[in-house]
2 protein chains.
Amino acid sequence: MAHATETAAAGYVAGHFPPFAVTVDLVVLTVREGDLCALLIQRGEQPHLGRSALPGGFVRVDEDLDVAARRELSEETGLARLPVHLEQLATYGAVGRDPRMRVVSVAYLALAPDLPPPQAGGDAAAAAWVPVCQVLPESSTAANLSAQPRPGQYRSVSSRSAQAAQSVQPTSGLAESTDAPAPGHTPLAFDHVGILADGVERARAKLEYSPLAAAFCPAEFTVGELRRVYEAVWGVTLDARNFHRKVTGTAGFLLPVGRATVRQGGRPAQLFQLGPATLINPPMLRPA
Amino acid sequence: MAHATETAAAGYVAGHFPPFAVTVDLVVLTVREGDLCALLIQRGEQPHLGRSALPGGFVRVDEDLDVAARRELSEETGLARLPVHLEQLATYGAVGRDPRMRVVSVAYLALAPDLPPPQAGGDAAAAAWVPVCQVLPESSTAANLSAQPRPGQYRSVSSRSAQAAQSVQPTSGLAESTDAPAPGHTPLAFDHVGILADGVERARAKLEYSPLAAAFCPAEFTVGELRRVYEAVWGVTLDARNFHRKVTGTAGFLLPVGRATVRQGGRPAQLFQLGPATLINPPMLRPA
DNA sequence: GTAATAGTGTCTCTAAGACAATATGAA
DNA sequence: TTCATATTGTCTTAGAGACACTATTAC
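Just so it is clear, the structure is predicted and the values come from calculations on it, not from any experiment.

Draft legend 1. Here's a closer look at the packing of aromatic side chains. All chains considered together, the criterion is met by six aromatic pairs over all chains. Taken together, the aromatic side chains of Tyr230, Trp234 and Phe243 of chain A make up a single cluster linked through ring pairs.

Draft legend 2. Local environment of the protein's contact with DNA strand C. Taken together, 22 residues are adjacent to DNA strand C, and Arg241, Asn242 and Lys246 of chain A together with Gly266 and Gln270 of chain B come closest. Considering DNA strand C, the proportion of its atoms within 4 Å of the protein that are sugar or phosphate atoms stands at 53%. At 3.1 Å, a backbone N or O of Arg267 of chain B approaches a base oxygen of DNA strand C. Separating a phosphate oxygen of DNA strand C from a backbone N or O atom of Gln270 of chain B is a distance of 2.9 Å. Broken down by secondary-structure element, the contributors of at least two residues to the surface near DNA strand C are α7 (240–249) of chain A together with α7 (240–249) of chain B. A per-element tally of the surface near DNA strand C places α7 of chain A first, with four residues. Here the surface near DNA strand C is composed, by residue class, of four nonpolar, seven polar and eleven charged.

Draft legend 3. Examining the relation of the copies chain B and chain A more closely. Take chain B, turn it by 180°, move it 0.0 Å along the axis, and it overlays chain A with an RMSD of 0.0 Å. Both copies of the chain, as the preceding transformation shows, are related through a two-fold rotation axis. Taken together, the interface assignments show that 97% of the residues at the interface of chain B recur at the interface of chain A, consistent with an identical surface on both copies.

Draft legend 4. Representation of the protein's contact with DNA strand D within the structure. Residues in contact with DNA strand D amount to 22 residues; listed here are only the nearest, Gly266 and Gln270 of chain A together with Arg241, Asn242 and Lys246 of chain B. Between DNA strand D and the protein, one listed contact pairs a phosphate oxygen with a side-chain N or O atom of Arg227 of chain A at 3.4 Å. Taking Gly266 of chain B, its main chain carries an N or O atom lying 3.0 Å from a base oxygen of DNA strand D. Elements supplying a minimum of two residues to the surface near DNA strand D: α6 (223–234) and α7 of chain A together with α7 of chain B.

Draft legend 5. View of the pairing of strand β5 (residues 85–92) of chain A. Residue and element names in this part refer to chain A. Of all eight residues making up β5, six are buried, and the element is well covered by its neighbours. Taken together, the seven bridges between β5 and strand β6 (residues 103–111) define a ladder with antiparallel strand orientation. Bridged to Gln88 within β6 is Tyr108.

Draft legend 6. Geometry of the interface of chain B and chain A. In this complex, chain B contributes 29 residues to the contact, which on the side of chain A involves 28 residues. Interface of chain B and chain A: buried area, both sides summed, is about 2,600 Å²; carbon and sulfur atoms make up 67% of it. On inspection of chain B and its partner chain A, the count reaches zero salt bridges. Across the contact surface, chain B and chain A share ten residue pairs in polar contact (both at pLDDT 80 or more). Put simply, the parts of the chain that give the side of chain B that touches chain A at least two residues each are α1 (2–14), β1 (21–32), β5 (85–92) and β6 (103–111) of chain B. The dominant element in the side of chain B that touches chain A, judged by the number of residues it contributes, is β5 of chain B, at four residues. In terms of residue class, the side of chain B that touches chain A is made up of 19 nonpolar, four polar and six charged.

Draft legend 7. Focus on the packing of helix α6 (residues 223–234) of chain B against α7 of chain B. All names here are of chain B. Running from N to C, α6 and α7 cross one another at 105°; their axes reach a closest spacing of 10 Å. Relative to α7, the element α6 lies roughly perpendicular. The segment α6 lies against α7, with Val223, Leu226, Arg227 and Tyr230 engaging Ala240, Phe243, His244, Val247 and Thr248. In the contact of α6 with α7, the residues fall into six nonpolar, two polar and one charged.

Draft legend 8. Geometry of the side chain of Asp98 of chain B. Residues and elements named next belong to chain B. Within the fold, Asp98 resides in the loop between β5 and β6. With relative accessibility at 7%, the residue Asp98 sits in the buried group. A polar atom in the side chain of Asp98 sits 2.8 Å from the side chain of Arg100. Look past the residues within four positions of Asp98 in its chain and what remains in contact with it is Pro47, Val103 and Phe190.

Draft legend 9. How the structure looks around helix α5 (residues 192–209) of chain A. Residue and element names in this part refer to chain A. In a regular helix each residue adds 1.5 Å, so 18 residues correspond to 26 Å; α5 covers 26 Å between its end C-alpha atoms and thus fits that length. His192, Ile195, Leu196, Gly199, Val200, Ala203, Arg204, Lys206, Leu207 and Glu208 are the residues of α5 that are buried. The inward-facing, buried residues of α5 abut β1 (21–32), β2 (35–43), β3 (52–53), β5, β6 and α6.

Draft legend 10. Quick peek at the pattern of salt bridges. All names here are of chain A. Applying the stated criterion across every chain yields a total of 30 salt bridges over all chains. A salt bridge links Glu72 to Arg71, with the nearest nitrogen and oxygen atoms 3.2 Å apart. Measuring nitrogen to oxygen at the nearest pair gives 3.4 Å for the salt bridge that ties Arg71 to Glu75. Residue Arg71 and its partner Glu75 are located together in helix α2 (residues 65–77), separated by four residues, close to a single helical turn. The network of salt bridges with shared partners includes Arg60, Glu63, Arg71, Glu72 and Glu75.

Draft legend 11. Just the confidence of the model for chain A, in detail. Mean pLDDT for chain A: 82, with 78% of residues reaching 70 or above. Here residues 141–182 of chain A is modelled with pLDDT under 50, and outside its nearest four sequence neighbours on either side it reaches 74 contacts, counting other chains as well.

Draft legend 12. Up close: the nonpolar core. One finds Val22 of chain A together with Val22 of chain B to be the most contacted residues of the largest nonpolar core, which totals 54 residues. Residue contacts for Val22 of chain B: discarding those within four places in its chain leaves Phe20, Val22 and Val104 of chain A together with Gly57, Phe58, Val59, Leu65, Val104 and Val106 of chain B.

Draft legend 13. Summary view of unusual backbone geometry. The peptide bond linking Gln46 of chain A to Pro47 of chain A adopts the cis configuration, its omega dihedral lying at -5°. Structurally, the position occupied by Pro47 of chain A is in the loop between β2 and β3. Each neighbour pair has its own omega, and for Asn281 of chain A with Pro282 of chain A the value is -5°, a cis peptide bond. When you line up the elements, Pro282 of chain A lands in the segment after β10 (270–274). If you check the backbone angles, Phe190 of chain B has positive phi at about 50° while not being a glycine. Looking at the secondary structure, you find Phe190 of chain B in the loop between α4 (162–165) and α5 (192–209).

Draft legend 14. Quick peek at the environment of Arg70 of chain A. Residue and element names in this part refer to chain A. Within the secondary structure layout, Arg70 lies in helix α2. According to the relative accessible area criterion, Arg70 is partly exposed, its value standing at 33%. Each C-alpha atom, one on Arg70 and one on Glu220, is 24 Å from the other, the two residues being 150 residues apart in sequence. In contact with Arg70, not counting residues within four places along its chain, are Leu82, Pro83 and Leu86.

Draft legend 15. Layout of the environment of Leu212 of chain B. Residue and element names in this part refer to chain B. Here Leu212 is to be found in the loop between α5 and α6. Leu212 sits 191 residues away from Ala21 along the chain, and the two C-alpha atoms are 32 Å apart. Non-local contacts of Leu212, meaning those with residues more than four positions away in its chain, are made with His85, Glu87, Leu111, Lys206 and Leu207.

Quick notes on the rules
- Residues numbered from 1 in each chain as written.
- Chains lettered and ligands numbered in written order.
- Predicted model: local features only at pLDDT ≥ 70, side-chain atom pairs only at ≥ 80, totals over all residues.
- Heavy atoms only, no water.
- Phe/Tyr/Trp six-rings, centres within 6.5 Å; stacked < 30°, edge-to-face > 60°.
- Near = heavy atom within 4 Å.
- Polar contact = N/O pair within 3.5 Å; in protein donor to acceptor, adjacent residues only side chain to side chain.
- Helix = DSSP H or I, 4+ residues; strand = E, 2+ residues; numbered from the N terminus.
- Nonpolar A, V, L, I, M, F, W, Y, C, P; charged D, E, K, R; others polar.
- Least-squares fit on C-alpha atoms with pLDDT ≥ 70 in both.
- Contact = heavy atoms within 4.5 Å.
- Buried < 20%, exposed > 50% of the residue type's maximum accessible area, 1.4 Å probe, protein only.
- Pairing = 2+ DSSP bridges.
- Buried area = accessible area lost by both parts, 1.4 Å probe.
- Salt bridge = Lys/Arg side-chain N within 4 Å of Asp/Glu carboxyl O.
- Axes fitted to C-alpha atoms, helices over the stretch in contact; angles between N-to-C directions.
- Parallel < 35°, antiparallel > 145°, perpendicular 65-115°, else oblique.
- Expected span 1.5 Å × (residues − 1).
- pLDDT = per-residue confidence, 0-100.
- Core = buried A, V, L, I, M, F, W, Y, C linked by side-chain atoms within 4.5 Å.

Right under this line is the structure:
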């Protein structure tokens, strides 16, 4: 890799192309306990050491952007199963967004089912799922009403960055006065709040016209689970009966598996898997 | 600017951040004579000298991405009035997309009313509006049925790149055998076909739920003009009466000016200007 | 008058939203 | 039994699409 860097650098010496650093940043979303949550890491390096941030890192010269996004995801968060869905979100390149140098960051949106707490790695001192309503200045939904801060969100890093990880020991309550404040109670590093907000809005919009909500569910899921995904992402409550009629009536959206769940009370629900449809037409509509 | 470049380059020498070149590419669309057209330039430099391409160029180290997009637009195409609408489209960074070096290109989508033929400048030998159906492998619309190739689309460059411009003299017909083939009859440079396709699809989609079609119209326009924009972009024909009822019935979409056009035959039409609405709800729907 | 385009009214049908009623399990 | 969730059915209403009809200009 040092070789590739030198080769490319030689081109810059001869040419007139201003050099940029290119990074990927990841907005990884999931639904946990009825809340839309984002994966945040705690920075283990300067700048913004200790601050919450989106996972991400530098793109290698010989690496496609999509590949870099997947690599950073597994490197920094240790998620065993890679998320079902990964798509490019937008690119952020304001001049002063990184104090070190000129950085252009390509943001990606990833949607994952409810996975076990992530393991930090790479430049991340810790990684945790944080309800987005704790981080965003609340964008006109009622989601923040249902979300309470929860203790012990962070899970200490296992391998390297042990020094930085010391500041992230689990606490019995919220420890806002330590040097490792709970995520969402400190502003995100860089321009990551805006990136996160854009990612959340993208996810909310795509649930309307694509079957993407299933990316938040396991391979087999019930209509009720799917509805709770919509309710969490949109921050609304939906009529369970109309929702059921809509999703089961949309051709290609849901394929019946033929089995049913064992319930903890209430009638068992049919299991479905995602169908071949790529568009929901007519779309699901967010309530006004 | 040489100073800024040197400063940034010094940072790279010390650090471990692989240097990239960052460019902006522009998908500039307009509607002319019933066709959706894209602004293409003819490259005046290597690589792909003489090939058709999207306008664009390198981002400066001290320049925001949006600013670079606007600068390239006026530099390379000489459009006097800048387009009403400019938004980021997507970023393209495959490893081999530029033979010279690793380049990440941030694409922008611009929508313009029907302007006079553009004047080339900068690295562009020529610039012209080209119907997209002549360039794209036709994406499931009937637009290509109505579009015929037209001669003399290019307008010779006035200032520099005179040598390259010689190959772009207007022809009485299609001159496919010259060294300057008509745009759209030669494959676009780099990965620009894909970028153009993405831009066209974005524009088509946004007409559904945003009042963006007005960006293709002058400041004051009639319902008929707006309908012809929709028909050209979507490549369909719409029922004029239902369209009229829909757009005039959508709150905040159209503001009546109070005056009417003088017609060349037929009843005069009321003039409107774009209203404050930012979303069309319920959306306009493309016919199946 | 005819031709051409603008604009209104009316009908049908799809589908969303409200909500009653029924089904099927656990405790 | 009660409780909880799933699923079906029914009614009302907004709105899209088809299309007859009227309005206002140029010729």
